[in-house]
Amino acid sequence: MDGTESAPTMLVALLDGTVLPGDAPLLRPDDSGVLRGDGVFETTLAVDGVARDVDEHLRRLAGSAAALRLTLPGPGAWRTGIDAALAAVPAGSADGGADGGVDGGADWSQTLVRLVATRGAPGAGPTCFVTVGPVPDGVRAQRRGVRVLTLDRGIGGGDAAAVPWLLAGAKTLSYAVNMAAVRHAVAQGADDAVFVAPDGAVLEAPTATVVLAWERSLVTPPVDGILAGITVRRLFAAAEAAGWSTGSQVVPSADLHAADGMWLVSSARLLAPVTAVDGADRDSDRQRALTVELAALLQVPTG
Ligand SMILES: Cc1ncc(COP(=O)(O)O)c(C=O)c1O
């Protein structure tokens, strides 16, 4: 970049390795992804140009596509897109180079990598692409603390298997409900939501997995009608290696107040300590200390 162009805020790569500017026309107006949210996606984080947990995200993408009976290109093609997109990240930024990782005001040292596949336009086959862009400030802010509101999801985790067409547990492009839940929580003075089942069991956040700490144990709700989180698996593996016990079990919503620590974890925000639940403060020195410890286990980059 010669200093006269404005820095890109997003780049797109196709699965043949072609890289396009983030504002390039890409979708037809009759693409099912636009008309019906009919498609799947994944989000992961690249730190200093290296994407985390790519195999796991590609496996989950394939699982979500199978739930939609959508046939997609295989992992090799997606890797071509990911590699091309990351290689195109503005020079001197992904590697925290001479400009300190800042390019045109945007810090690309932590990059959000999105894999997107729609069912496509009639007769055209799926539309597949990869986007890269700096981690939004709001996502980084969540790493410092998040206030949540519990919201009834209307269907329990165990009940979701009987209604597979609701796609609970698949990462589909139909996230309008999830985003509406976040906006509802924000309108009530919180930052994010946590879905609970009609019987009060904790499920997941609209874009994150719930993790609780009790002394040296980490607990998360069973992967039943919720997305199988990759970050929680990474966290639990590292925690077990460091002597923690970990497991999944039914979490009654009262536990959200009583646990020693509570976090929303996901690939982008990594580890967000929950500082309030339904308006009740749950910040504590203990939770702050545990957050530092778990962030190190999860290799959360600073900044
Ligand atoms: C509904 C939902 N649950 C959990 C997660 C966390 O998953 P991961 O850690 O794999 O990013 C996400 C991620 O976006 C999500 O959308």
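In this text, all values refer to a predicted model and were calculated from it rather than measured experimentally.

### What about the pairing of strand β10 (residues 192-196)?
Working note: regular strand, side chains alternate between the two faces of the sheet.
Inference 1: Burial within β10 is extensive, with five of its five residues counted as buried.
Inference 2: Burial of β10 is two-sided: the residues Asp192, Val194 and Val196 facing one way and the residues Ala193 and Phe195 facing the other way are all buried.
Inference 3: As a crossover connection, the stretch from strand β9 (residues 146-152) through helix α5 (residues 176-187) into β10 is right-handed.

### Looking at the domain arrangement of the protein
Inference 1: Considered domain by domain, the protein is made up of domain 1 (11-134) and domain 2 (141-297).
Inference 2: The centre of domain 1, based on its C-alpha atoms, is set 25 Å off from the matching centre of domain 2.
Inference 3: Listed by partner, the interface residues are 23 residues for domain 1 and 17 residues for domain 2.
Inference 4: Across the domain 1/domain 2 interface, buried area totals approximately 1,600 Å², and carbon plus sulfur atoms make up 61% of it.
Inference 5: Looking at the side of domain 1 facing domain 2, the largest losses of area belong to Phe41, Arg52 and Arg60, adding up to 36% of the total buried there.
Inference 6: Across the contact surface, domain 1 and domain 2 share one salt bridge.
Inference 7: Put simply, domain 1 and domain 2 have nine residue pairs in polar contact (both at pLDDT 80 or more) between them.

### Some words on unusual backbone geometry
Inference 1: Positive phi values are uncommon outside glycine, yet Asp53 reaches one of about 55°.
Inference 2: Relative to the assigned elements, Asp53 resides in the loop between β4 (50-51) and α2 (54-67).
Inference 3: By relative accessible area, which is 19% here, Asp53 ends up buried.
Inference 4: Of note in the backbone geometry, Arg69 takes a positive phi value of approximately 50° without being a glycine.
Inference 5: Structurally, the position occupied by Arg69 is in the loop between α2 and α3 (75-87).
Inference 6: Given a relative accessible area of 76%, Arg69 falls into the exposed group.

### Considering the layout of surface pockets
Inference 1: The calculated volume of the largest pocket comes to roughly 1,200 Å³.
Inference 2: Every residue lining the largest pocket is counted, 46 residues in all, and those nearest its centre are Tyr175, Asn178, Met179, Pro206 and Thr207.
Inference 3: If one sorts the elements of the lining of the largest pocket by residue count, α5 sits on top with four residues.
Inference 4: Across the lining of the largest pocket, the residue classes tally to 24 nonpolar, 13 polar and nine charged.

### Description of the site of the ligand
Inference 1: Surrounding the ligand, one finds 16 residues, the nearest of these being Arg60, Lys171, Tyr175, Thr231 and Ser267.
Inference 2: Within the side chain of Thr231, a nitrogen or oxygen atom sits 2.5 Å from an oxygen atom of the ligand.
Inference 3: Out of a free accessible area of 390 Å², the ligand has 95% covered by protein chains.
Inference 4: The pocket occupied by the ligand, as judged from atoms lying within 2 Å of grid points, is the largest pocket.
Inference 5: Elements that contribute at least two residues to the shell around the ligand include exactly α6 (230-241) and β14 (261-266).
Inference 6: Class assignment of the residues belonging to the shell around the ligand gives a composition of seven nonpolar, six polar and three charged.

### Describing helix α8 (residues 285-297)
Inference 1: Between its terminal C-alpha atoms α8 stretches 19 Å, which fits the 18 Å expected from 13 residues at 1.5 Å a residue.
Inference 2: Every buried residue belonging to α8 is among Gln287, Leu290, Thr291, Leu294 and Ala295, and all of these are buried. All buried residues of α8 lie within an arc of 135° about the axis, which places them on one face of the element. Exposed residues lying more than 90 degrees from the buried face of α8 are Asp285, Val292 and Ala296.
Inference 3: Of the residues trailing α8, Gln299 is marked for its positive phi of about 55°.

Cut-off values and rules
- Residues numbered from 1 in each chain as written.
- Predicted model: local features only at pLDDT ≥ 70, side-chain atom pairs only at ≥ 80, totals over all residues.
- Heavy atoms only, no water.
- Buried < 20%, exposed > 50% of the residue type's maximum accessible area, 1.4 Å probe, protein only.
- Helix = DSSP H or I, 4+ residues; strand = E, 2+ residues; numbered from the N terminus.
- Right-handed = clockwise from strand over helix to strand, strands pointing away.
- Domains from an automatic or database assignment.
- Contact = heavy atoms within 4.5 Å.
- Buried area = accessible area lost by both parts, 1.4 Å probe.
- Salt bridge = Lys/Arg side-chain N within 4 Å of Asp/Glu carboxyl O.
- Polar contact = N/O pair within 3.5 Å; in protein donor to acceptor, adjacent residues only side chain to side chain.
- 1 Å grid on protein atoms, 1.4 Å probe; cavity = no way out; pocket = protein on both sides within 12 Å on 5 of 7 lines; lining within 4 Å.
- Points joined across faces, edges and corners; volume = space filled by probe spheres on them.
- Nonpolar A, V, L, I, M, F, W, Y, C, P; charged D, E, K, R; others polar.
- Near = heavy atom within 4 Å.
- Areas by Shrake-Rupley, 256 points an atom, 1.4 Å probe, with all protein chains shown as cover.
- Sits in = over half its atoms within 2 Å of the grid points.
- Expected span 1.5 Å × (residues − 1).
- Arc of directions from axis to C-beta.

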